[in-house]
Structures are given as structure tokens and as C-alpha cells.
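# Working through the structure, step by step
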Amino acid sequence: ASHRHHIGITSASHHDTACTTLTHNPHRSLQRALDNPDSSWLQLWWNTLGYLQVRDPVPVNVSYFFQFSDDPTASTGIQRAASLLTSTALFRKSVCSGTLPCETIGKSSTPLCSAAWKYMFNACRIPNTSEDTYKIHDPSLHSHVVVLRNGVYLSFPFVDSNSDPLPCSVMESLLSVCVDVSDNWESEMPNIGVMTANDRDEWAEDRREIIRVKGGKEGLEIIESAAILLCLDESSPVSYECSSNGFWHGGPKSGNRFFDKSIQLLVTENGKAGLLGEHSMMDGMPMVRYADYIAAKSYADVVAQHPLPRDYPNGMMPSTQVTHVFDESTSRALSASKTINDRVARATVAFNKLVGDQDLNVQSFRGYGSSFMKSMKFSPDAYVQMAIQLATYRLFSTCVGTYEASQVRVFKHGRTETTRSCSVPSRMWCEEMGLRRDGKDGDKNERAKRVQMLRSAAKQHVNYLKYAGKGLGVDRHMFGLSMLVDKREDAPSLFSDEAYKRAKTWRVSTSHLTHPKFDNWGWGEVVPDGVGVAYSIHPNRCVFNVTARKDTGYSQRLAHLLEEALVEMRQLLEKEMLGGGEGRSKL
């Protein structure tokens, strides 16, 4: 009864009726699978309804960013960019040649689906009215990268005829030319990059206007077919928050992004680096593998491994290789178009509002990390998820729908499933802990009760995480069942039930990624009154990237509440250990 009351169902008979009407035709889901023998029954629905048909702007709503750790061997942004490009070329060759070893998971080394890799290089999202497409270009025919600086688009080949990277010193020279040309480019050029941040239908019409200009179509094709886009920013951020805001969306009035590109490498003047991923056709884990490869090697390592050969041909020197994506005549024609200038102005206003409405806070918690959590016999991910549950319970004064992404690439064309972090045990624990610290953990019996409830909630989370990874979560299946309802039919009442709608409203969207070479990562909240929480759990520290709409005030408050929850949880566990039980903490 308490569970029904918690999720808002006051009538058991109403709940039962809502569920039983779902089984009116049990054969449709099986038929859907039989109709797609070489794919996932979910793939087309998920890619289109979940991404390509969504009309919201890509930045904030779709894109995610990684911030790499600093490279002490690279003293300038150009050096950092050159080493990342060189490593990118090597990784790209292994992907495009099919020699990249298949990813596996678990003790039995179960292989993971590799379909996502084709969307990584030489790929781009293409806007269309109502539904976008994704275009993949032949990597053997397109060996160039596009460099974007100050809104100027430049291009050069970054691999040789064998798809091997150019020497790192040559990459540096090419990038130096790009910086010099863009900083001294006198022709006016509308900020077409900001158009890619527009509502998707608006951007589709923007793109058609660009194509109407002579040279516009060819310029867009160079960008879209490039191996990747490299953004060389003039900024020199220092703090996590300044860097993260820049990597997430480029900041207000930014013209130095092309948000449809599958990969944008981002490098600042002072050598900070990261990437921005377009999420619609490829989830985070393949991108993590790519990022792991390019971030693991320092500039010094890359220079040593890829020196300039003595017989390097003079014809390949930088001044002859860098070309404008939009030449001077095209730039003038674009600038002369009143329609394009008007559309750029509208897109700029919309983008500045989109970015200005957002708030990002970074909680770099240095009290403890996974080492302590493991010593207390907790899964670090489950432990941190419970900290998020307690913090968001205190933020919202109630438990809310919480999403943790779990990959299901053990299945062909599998992408993700939802791990539901908010459970009956987690709710019971949060309510026992209270909306604010009450001092009851000084009582031995109360303390033991709270620790046991915490362990029960963490165990439930681990179990659900396992179920989700095996394709046994509920959310993708419920989505599929809803899609099987014919347009001429009345949908089962479950799909309009208030409890069901609340249960799939993700006011807390979370995901876990820990990497020794990543300082931070993140994305935007998925509902207007929600929060996005990306987190990393290192041995002796945790990092949380918290996003929310600025008018809610949630981001800064939740960053503080996360710290408060983690401190309180450790003190609770240590007091219990000192009071007897499972042994003394090693810390």
C-alpha cells in the first residue's frame, strides 16, 4: 500500500486494469522481432523518435562533452591539437580498416556490437524538416579535417595515401597556418555555425538558403565529409566550470562550433582540450574508447613516435595544403545575402537565450572516493547513486524518476537501457535520513537501521543494473509496446496513467564515467524542471558535473547537497564500524 501511495496510484483496481489492457494482442511484439531478423526491433524507432525526429536544438539537449586532463608536455594549444590529430588519424585507420579489436565485456569476454563505429568518422547529422538524416562519407575518399577558428573554416589532409598520420611537426605547421590565416582573414563571413544550434526545422531551412548561394553546397559538403572538426578556441579557461561551459556549448555568441558534426575536437589557446559528441546515432562508450586512445598519449610521446622523415617531400609543406572551405567569393556572396544574415541574427538570439538559460556547476569532492566505498563493501557506482538519491530527495523534497544509462551492446544494434536508480528501498532510506540532517545517527539502533537500509538500497541498484545490461529493464520494452498500438486503436490506459507518466519523467538524468585522463564530462538536463548529473569516481575523489536551467537554481544547490550527502554517508558508516559490526575501516 505504501508503494502504491508513493507512485501516485490510489486505486489498485485502476492499476490492474491499466496493466491488463496492455496484453490485448501479445503477438505484435514477436512479429516485430520476426520482421527485423537482421537488426534490433527497437533500433529504427529509437533512432528516429528518440533523436532524428526531435526538433530541439542539438547543443544542451543532445550533445555531450569530455574534458581531458592537461598535458604538461604541450605548452601551446597548437601542440596539443597536433598530438590529438595525430592520434586521431591512427585510431581512425584502425576503425576504417576493420582492424580495431572488438570490444568485450564481463568475465566471459562477451563481444559488443560494433555498428556504432561507422558513425564516428567522416559522418554528420543532416537537418531536414520533421526528421533529420545521418550521412556517412567514404573515408578512403575523404582524408581531410576541417579546422574552425573565429568562424573561419579551413581544411587540410591529415593523413597520407596509406591513411597514416602526417608527422606531428607537419600537423603543427598546418595548424599554425590555420591560426594565422583565420586571425588575419578580412573577408566578412556570416556565423553559419550558430545556425547549427537552431531548432532543427529552422536549421533545415537555413541550410537550404546556404546551398542556394554559389559555393555554399560545396563548402557544407567539405565540412560534413571531414574526418572530424577541430575547433581552435581563442579562450584560455582555467577552472573546471569555465572549461566545461566552453566545451559543452562554446559559450554565448560562440561561432566556433558546427554542432551537427559527429566529433568536434576542442582545444583552447592555453592547451585545454576535450571533445563534443553528437549523440543521435552513437552513444558514449564508443566515444570513450576513442577518447581514451587520443588522451593517453602526451604531445612528447606523439612527437617521438611520429618524427619528420629526412626525405619528407617539399610539396607537402603547409602553405600549399591549407585551403578555405568557403572561398572569398562564396564568403562575399553569403555576406551579401539579406536572408542569410537575417536568419543568422535570429539563430544568434535563440542560441544566446538557450545558453544563457543554462547553469553548470562542478562539485570536485576530495573527501574520499572508490577506495573508501570498496572498503565499506559497496559498489562505488551504487554508493554514489544513493548519494545522488539523498541529495535530490533533499533538493526536491520528494523522490523523483532517476535515469542511469546502461549499455546493451551485447545485442545487435543495441544501444542503452534505463537503470532506475529510484527504487522502493532507496526511497525508504532517503525518507529515513530526512530532508535535513537530524542527528539521529548518534543512536546505535537508529544508526544500524540506516546503514542496513543503505546497503539494501545499494544492493537493489546493483541488481537492476545487471538486469538492464541483459536487456531486462522495463523502459525500452514499454516504449516498444506503446509503438505497437495502431493509430486507429485506443492506446491501453496504462500509457495515460499519471503514475506511468511520472515514472518516465526523468527529473534526474545521470551517467557514470571514470577515466584517469578525463577531468570532467557532462550534458544538459532532459526536462525543464530537472537536473543532469554526470559523475566520475576516482580512488580518492569524486567529480560531479551538475546542469539545470538557471531559473530553477538547482545546479548550485545540488552541487552542495551532493557534498553534504557524501560526508554524511561516510560519517554514518564509520560510526557504525567503530560501534561494532563488520570491522574497522582501513582509512
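Coordinates for the structure precede this section.
Residues numbered from 1 in each chain as written. Predicted model: local features only at pLDDT ≥ 70, side-chain atom pairs only at ≥ 80, totals over all residues. Heavy atoms only, no water.

## Re the overall build of the chain
The test is simple: Per the convention used, a helix needs a DSSP run of H or I reaching at least four residues, while a strand needs a run of E reaching at least two, with both numbered from the N terminus. Here the radius of gyration uses the C-alpha set of atoms, whereas the globule reference equals 2.2 Å times the residue count to the power 0.38. Exposed residues in this analysis have more than 50% of their type's maximum accessible area, buried residues have under 20%, and partly exposed residues fall in between, with area computed by a 1.4 Å probe over protein chains only. The contact rule is simple, with two residues in contact once any of their heavy atoms fall within 4.5 Å. Each accessible area is a Shrake-Rupley estimate made with a 1.4 Å probe; only the visible protein chains count as cover when residues are assessed. Counted charges follow a simple rule, with Lys and Arg positive, Asp and Glu negative, and His plus the chain ends left uncounted. To locate a charge, the coordinates of NZ of Lys, CZ of Arg, CG of Asp or CD of Glu are taken.
A tally of regular secondary structure across the chain gives 21 helices and 18 strands. Relative to the compact-globule value of 25 Å for 587 residues, the chain shows a C-alpha radius of gyration of 25 Å, a close match. When the backbone C-alpha atoms are referred to their principal axes, the chain occupies close to 80 × 65 × 50 Å. For the chain, the residues scored as buried account for 54% of the 587 residues in total. Restricting to contacts in the chain with at least 6 residues of sequence separation, those with at least 24 account for 75%. For the chain, the exposed surface amounts to about 25,300 Å²; the carbon and sulfur share of it is 53%. Taking the 66 positively charged and 66 negatively charged side chains of the chain as two groups, their mean positions are separated by 6 Å.

## Looking at the sheet that holds strand β18 (residues 541-549)
Selection criterion: At least two DSSP bridges between two strands are required for those strands to pair. All axes are obtained by fitting lines to C-alpha atoms, using only the stretch in contact for helices, and the reported angles, taken between N-to-C directions, cover 0 to 180 degrees.
Here six strands make up an open sheet; going across it, the order is β12-β18-β17-β15-β13-β14 and the pairing mixed. Across the chains shown, the open sheet's two edge strands, defined by having one partner strand only, are β12 (358-365) and β14 (416-420). This sheet shows a mean twist of 25 degrees between the axes of neighbouring strands, independent of strand direction. Two strands pair when backbone bridges link them, and strand β15 (residues 508-512) and strand β17 (residues 531-538) are joined in this way by five bridges, in the parallel orientation. Along β17, the bridge assignment pairs Ser511 with Ala534. Those strands touched by helix α19 (residues 475-483) are β13 (402-407) and β14, and its axis lies near 120 degrees from that of β14. Against the sheet, helix α21 (residues 554-578) makes contact with β12, β17 and β18, and its axis sits at roughly 20 degrees relative to β12, the strand it touches most.

## Some words on the environment of Val546
Topologically, Val546 is positioned in strand β18. The spacing of Val546 and Arg557 is eleven residues in sequence and 9.7 Å in space, taken between C-alpha atoms. With residues near it in sequence (within four places) discarded, Val546 still touches Asp359, Leu360, Asn361, Gly532, Ser555, Leu558 and Leu562.

## Observations concerning the pairing of β18
Of all nine residues in β18, eight are buried; the element is thus mostly enclosed. Judged from the eight bridges that link them, β12 and β18 form a sheet pairing that is antiparallel. Bridged to Ser364 within β18 is Val543. Where β17 and β18 come together, seven bridges link them in antiparallel fashion. Bridge pairing in β18 places Ser536 opposite Val543.

## Here we look at helix α8 (residues 200-212)
The condition is simple: The span you would expect from a helix comes to 1.5 Å times its residue count less one. Two N or O atoms count as a polar contact when they lie within 3.5 Å, although within protein this holds only if one can serve as hydrogen donor and the other as acceptor, and sequence-adjacent residues are included solely when both atoms are side-chain atoms.
Here α8 spans 19 Å end to end across 13 residues, near enough to the 18 Å set by a 1.5 Å rise per residue. For α8, every residue scored as buried is listed here: Arg200, Trp203, Ala204, Asp206, Arg207, Glu209 and Ile210. Residues of α8 that are buried sit in contact with α5 (58-61), β4 (123-126), α9 (216-225), α13 (328-336) and α14 (338-356). Of the residues that open α8, the one with a side-chain oxygen 3.0 Å from the backbone nitrogen of Asp201 is Asp199.

## Considerations on the nonpolar core
Considering soluble globular proteins, one finds that nonpolar side chains tend to be buried as a cluster. Using the following cut-off: By convention a nonpolar core is built from buried Ala, Val, Leu, Ile, Met, Phe, Trp, Tyr and Cys residues, the set being connected through side-chain atoms within 4.5 Å.
In terms of nonpolar packing, the biggest core is built from 56 residues, with Phe66, Phe68, Phe156 and Tyr290 touching the most fellow members. If near-sequence neighbours (up to four positions away) are discounted, Phe156 is found in contact with Leu85, Ser143, His144, Val145, Val147, Met171, Leu174, Leu175, Cys178, Gln321 and Val322.

## A closer look at the packing of aromatic side chains
Note the threshold: Ring geometry is summarised as follows: Phe, Tyr and Trp rings, the Trp one being its six-membered ring, pair when their centres sit within 6.5 Å, and such pairs are stacked at plane angles under 30 degrees, edge-to-face over 60 and tilted between the two.
This structure, assessed with the given rule, holds 25 aromatic pairs. Ring centres of Phe121 and Tyr290 lie 5.6 Å apart, and the angle between their planes is 85 degrees; on these two criteria the pair is classed as edge-to-face. Taken together, the residues Phe121 in the loop between β3 (110-111) and β4 and Tyr290 in helix α11 (residues 284-296) connect sequence positions 169 residues apart. Ring geometry for Phe396 versus Tyr554: centroids 5.1 Å apart, planes at 90 degrees, classification edge-to-face. Of the two residues, Phe396 is situated in helix α16 (residues 380-396) and Tyr554 in helix α21; the sequence distance between them amounts to 158 residues.

## With respect to helix α7 (residues 168-183)
With 16 residues, α7 should reach 22 Å at 1.5 Å per residue; the first-to-last C-alpha distance of 22 Å fits that figure. Of all the residues in α7, the buried ones are Cys168, Val170, Met171, Glu172, Leu174, Leu175, Cys178, Val179 and Ser182. Considering only its buried residues, α7 is in contact with α6 (77-96), β6 (144-149), β7 (152-157), β8 (229-232) and α12 (299-305).

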